[in-house]
Amino acid sequence: MFTGVASRTPVFLIAAVVGAGCTHLSPVAAPVVVKRAQLHMGTLVSITAVASTSDRANGAINAGFAEIKRLEQLLSTWIPESELSSVNASAGKAPVHVSPETVAVVRRSLQVAEMTGGAFNIAIGPAVDAWNVIEAQRIPPNDELEALKARISLGGVHLDEQARTIYLERAGMRIDVGGIGKGYAADQAVATMEKAGAIAGVVALSGDIKAFGQLPGGKKFPVGIQHPRREGEVLLFIDLQDEAISTAGDYERYFDHEGVRYHHILDPATLQPARGCQSVSVIAKDGVWADGLDTGIFVMGPARGMELVERLDDVEAVIVDHEGHVHISSGLVHRVRFPNEPDEKGRPQ
Ligand code: AMP
Ligand code: MG
């Protein structure tokens, strides 16, 4: 029997600090903090803005949501008219002209693929469909997966940056930026909010979070990483400033069958769910790197994954391996706090 389909949020913004969804107006000309949430990209998106007035904060939030909506229209493979849907529909037929944003996401995706030795692969779509973890909950037979391998080869993805076209060389190929697009959207939303006059803020698309500036009073934006096996519990806390965090976990979308967990992050080498980790959180300057790398490192596993993190500048990670052991990169060990550990002012978390 199949049991236990789940979809959970891997990173929490700490509500006590950023406000519980309401507007705070200060009596003097202190900055205000406004937080609002909407559904986009199939997930709950919450945006917090710090600005000189609540009108300005709300304007920045509106601009952030509008940008995410605009990107969803370009990148979502659930929207038949999106640019990526056109690219997929033209697989094996013709290159498709796309916007600079679509070029940017696909270029970054190919870079992450190279960094992770092919563990991150945006052409994995046909295998993700074969598993269809949320709806079908079936284990595809090996010969079915084997037959898909030619279609998930990244060598068949041709990005021409000059001409701004993408061509998938085989019929039946499809690209899906589900493993990197939310991080990119968080970056773009932050840039839009800054232009609209926000002094600081946070954009959180479920587990993909990008923070800029500081809260009034000079505090950074605290986030909690979800414990991968204890629902609703925080594994550890970290404060962010001008940084992004993204978490990939085997508890976000999965089903259990005869005691084995089948989840949505596939190893391109086997087309089976990757088995080395329970969760991977990556911190980087940009959301696009954090998001692409969390998925790629999840597939690489804790040892090779942490090796990669240590080699990269400005990239840190928390990896929970398949036995539940927590590995923290060298640049992060002094920045994390565990629940029940007092914060920097000696207060309990
Ligand atoms: P994330 O939550 O960022 O780890 O992204 C998960 C999504 O990425 C899945 O729902 C798939 O659409 C896609 N995906 C699964 N496996 C891979 C992979 N090996 N490389 C790139 N994307 C993947
Ligand atoms: Mg990802």
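Here the structure is shown first, and the text comes after it.
In this text the structure is predicted, and so the values were computed from the model without any measurement. (Residues numbered from 1 in each chain as written. Chains lettered and ligands numbered in written order. Predicted model: local features only at pLDDT ≥ 70, side-chain atom pairs only at ≥ 80, totals over all residues. Heavy atoms only, no water.)

Asks: Sorry, what's going on with the sheet that holds strand 8 (residues 200-205) here?
Replies: Adjacent strands of a sheet pair through backbone hydrogen bonds, lying either parallel or antiparallel. Here eight strands make up an open sheet; going across it, the order is 3-4-8-9-12-15-16-17 and the pairing antiparallel. With partners counted over all chains shown, the strands left at the sheet margins are strand 3 (32-40) and strand 17 (326-328), one partner each. Averaged over all pairs of adjacent strands, the angle between strand axes in this sheet comes to 10°, irrespective of strand direction. In this sheet, strand 12 (residues 243-249) lies alongside strand 9 (residues 208-212) in antiparallel orientation, the contact comprising four bridges. Directly across from D208, in strand 12, lies its bridge partner S246. (Pairing = 2+ DSSP bridges. Helix = DSSP H or I, 4+ residues; strand = E, 2+ residues; numbered from the N terminus. Axes fitted to C-alpha atoms, helices over the stretch in contact; angles between N-to-C directions.)

Asks: Looking at this structure, how should I read the packing of helix 4 (residues 100-115) against helix 8 (residues 287-300)?
Replies: When two helices pack together, their arrangement is given by the angle between the helix axes and by the axis-to-axis distance. Orientation of helix 4 relative to helix 8, taken along the N-to-C sense of each, is 45°, at an axis distance of 10 Å. Between helix 4 and helix 8, the crossing angle belongs to the class labelled oblique. Remark: the crossing between helix 4 and helix 8 carries right-handed chirality. Here R108, Q111, V112 and M115 of helix 4 lie close against helix 8, whose contacting residues are V288, W289, G292 and L293. (Parallel < 35°, antiparallel > 145°, perpendicular 65-115°, else oblique. Left-handed = near helix turned anticlockwise from the far one by under 90°. Contact = heavy atoms within 4.5 Å.)

Asks: Any chance you could explain the coordination of the magnesium ion (ligand 2) here in plain terms?
Replies: Metal coordination angles in their ideal form are 109.5 degrees for the four-donor tetrahedron and 90 or 180 degrees for the six-donor octahedron. Protein-derived coordination of the magnesium ion (ligand 2) comes from G179 (O), D291 (O), D291 (OD), D294 (OD) and T295 (OG1), at a distance range of 2.2 to 2.4 Å. Positions of the donor residues of the magnesium ion (ligand 2), expressed as sequence spacing, correspond to G-x111-D-x2-D-T. Of this pair, G179 sits in the loop between strand 7 (165-168) and helix 7 (181-195) while D291 sits in helix 8, and the two are 112 residues apart along the sequence. For G179, a relative accessible area of 18% gives the class buried. For D291, a relative accessible area of 4% puts it in the buried group. (Donors = N, O, S within 2.8 Å, 3.2 Å for Na, K, Ca; no water. Buried < 20%, exposed > 50% of the residue type's maximum accessible area, 1.4 Å probe, protein only.)

Asks: Mind showing me how you'd approach the sheet that holds strand 6 (residues 157-160) here?
Replies: Taken in spatial order, the three strands of this open sheet run 5-7-6, and their pairing is antiparallel. This sheet does not close on itself; its edge strands, each paired only once, are strand 5 (96-97) and strand 6. Pairing between strand 6 and strand 7: four bridges, direction antiparallel. If you follow L159 over to strand 7, its bridge partner there is I166. Lying over the sheet, helix 4 contacts strand 6 and strand 7, oriented at roughly 130° with respect to strand 6.

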